[in-house]
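# Reading the structure
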Amino acid sequence: MSNCITATAPEPVFSEPWHAQVFAVTVALNEAGRFDWPDWADRFSHTLKRNGLNKELDGGDDYFQAWLETLEALLAEQGDARSDEVTLLQGAWERAYLTTPHGKPVRLP
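The sections below set out a description of the structure shown in this document. (Residues numbered from 1 in each chain as written. Predicted model: local features only at pLDDT ≥ 70, side-chain atom pairs only at ≥ 80, totals over all residues. Heavy atoms only, no water.)

Attention now goes to the overall build of the chain. A count of helical and extended segments in the chain gives four helices and zero strands. Scored against the burial criterion, the 109 residues of the chain give a buried share of 21%. Once local pairs closer than 6 in sequence are excluded, the contacts in the chain between residues at least 24 apart make up 46%. As displayed, the chain offers around 8,400 Å² of accessible surface, 57% of which is attributable to carbon and sulfur atoms. (Helix = DSSP H or I, 4+ residues; strand = E, 2+ residues; numbered from the N terminus. Buried < 20%, exposed > 50% of the residue type's maximum accessible area, 1.4 Å probe, protein only. Contact = heavy atoms within 4.5 Å. Areas by Shrake-Rupley, 256 points an atom, 1.4 Å probe, with all protein chains shown as cover.)

Listed below in structure tokens is the structure:
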């Protein structure tokens, strides 16, 4: 019998790069004193509950969509990111993404 230990790679914490990015931005804003974590957790909990009323959440994209929704609402409430500004910026990124050749970096004009 062998005492060989087989190592396996850990499961990724984030399944998509944007999941890690929105998480990191939220943590950085909290660490910068922009909001208290207990308030954040309460807001996020309410978003998850509201979004889970119509379907069972799978913990992937829907979880991080709820995370982003909560962050956007918090920043809008604080006056840091008005919803009209967010919508314009989303549109600009979408247009840039759709018009950028494959393999090239996406940049806003």
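Let us now look at the packing of helix α1 (residues 17-31) against helix α3 (residues 61-77). Running from N to C, α1 and α3 point in directions that differ by 35°, and their axes come no closer than 10 Å. Once α1 is placed against α3, the crossing between them reads as left-handed. Residues W18, H19, V22, F23, V25, T26 and L29 of α1 lie in contact with α3, whose contacting residues are D61, F64, Q65, W67, L68, L71 and L75. In the contact of α1 with α3, the residues fall into ten nonpolar, three polar and one charged. (Axes fitted to C-alpha atoms, helices over the stretch in contact; angles between N-to-C directions. Left-handed = near helix turned anticlockwise from the far one by under 90°. Nonpolar A, V, L, I, M, F, W, Y, C, P; charged D, E, K, R; others polar.)

For the rest of this paragraph, the subject is a nonpolar patch on the surface. Residues L89, W93, Y97, L98, V106 and L108 make up a contiguous nonpolar surface patch of about 590 Å² in total accessible area. Looking at where Y97 falls in the secondary structure, it is placed in helix α4 (residues 83-99). Residue Y97 is classed as exposed on the basis of its relative accessible area, which comes to 56%. (Patch = residues over 30% accessible without salt bridge, like charges linked within 9 Å, V, L, I, M, F, W, Y side chains within 5 Å. Salt bridge = Lys/Arg side-chain N within 4 Å of Asp/Glu carboxyl O.)

Following the criterion strictly, the structure yields 15 aromatic pairs and no others. An aromatic cluster is defined as three or more aromatic residues linked by ring pairs; in this entry it consists of F14, W18, F23, F35, W37, W40, F44, Y63, F64 and W67. (Phe/Tyr/Trp six-rings, centres within 6.5 Å; stacked < 30°, edge-to-face > 60°.)

Under the criterion given, the structure shown has six salt bridges. Taking the shortest distance from any N to any O, the salt bridge between D80 and R34 comes out at 2.5 Å. Here D80, found in the loop between α3 and α4, pairs with R34, found in the loop between α1 and α2 (37-51); they are 46 residues apart in sequence, far enough to count as distant. The exposure class assigned to D80 is partly exposed, which follows from its relative accessible area of 37%. When its relative accessible area of 36% is taken as the criterion, R34 is described as partly exposed. Note that E77 is salt-bridged to R43, the shortest N-O span being 2.8 Å. Remark: R43 occurs in helix α2 and E77 occurs in helix α3; sequence separation between them is 34 residues. The class of E77 is exposed, set by a relative accessible area of 58%. Classification of R43 by relative accessible area gives partly exposed; the value is 23%. By sharing partners, the salt bridges in this structure join D39, R43 and E77 into a single network.

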